[in-house]
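Overview (structure and organization)
So you can see what is in the structure, the chains are spelled out below.
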Amino acid sequence: MPIYEYACKGCGHKFETLVRSDTVPQCPNCLSTELDKQLSVFATTAASPEAMPMPPSACSTCPNAGGPGSCAFG
């Protein structure tokens, strides 16, 4: 069941809803089925690669210096 975004032609209410193949979506505000399907966009990060944090490296001072994830500090 995909989630779609709609704008109601009658009252202008914008909403998103789960849509099954056998149902006709309707506005939860005025119950109209006169809807415009909206373009859905997903969130992304705009951070540049330089702003991304570096993964942890092996710690040479730790007795368990096997690399990242081998101890609680890396």
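Here the structure is a predicted model, which is why all the values come from computation and not from measurement.

The rules behind the values
- Residues numbered from 1 in each chain as written.
- Predicted model: local features only at pLDDT ≥ 70, side-chain atom pairs only at ≥ 80, totals over all residues.
- Heavy atoms only, no water.
- Helix = DSSP H or I, 4+ residues; strand = E, 2+ residues; numbered from the N terminus.
- Buried < 20%, exposed > 50% of the residue type's maximum accessible area, 1.4 Å probe, protein only.
- Contact = heavy atoms within 4.5 Å.
- Areas by Shrake-Rupley, 256 points an atom, 1.4 Å probe, with all protein chains shown as cover.
- Phe/Tyr/Trp six-rings, centres within 6.5 Å; stacked < 30°, edge-to-face > 60°.
- Pairing = 2+ DSSP bridges.

**Concerning the overall build of the protein chain**
The secondary structure content of the protein chain amounts to zero helices and three strands. Mapped in sequence order, the helices and strands of the protein chain form the string β-β-β. Relative to its 74 residues, the protein chain shows a buried fraction of 15%. In the protein chain, 27% of the contacts between residues at least 6 apart in sequence involve partners at least 24 apart. Just so you have it, the protein chain exposes about 6100 Å², and 56% of that area is on carbon and sulfur atoms.

**Structural notes on the packing of aromatic side chains**
The tally for this structure, following the rule as stated, stands at two aromatic pairs. Joined through ring pairs, the aromatic side chains of Tyr4, Tyr6 and Phe15 make up one cluster.

**Comments concerning the pairing of strand 2 (residues 14-18)**
The side chains of a regular strand alternate between the sheet's two faces. Strand direction decides the pairing type here: strand 1 (residues 3-8) and strand 2, joined by five bridges, are antiparallel. Paired with Tyr6 across the strands is Phe15, a residue of strand 2. Linking strand 1 to strand 2, which pair antiparallel, is a turn of five residues; within it Gly12 sits at a positive phi near 85 degrees.

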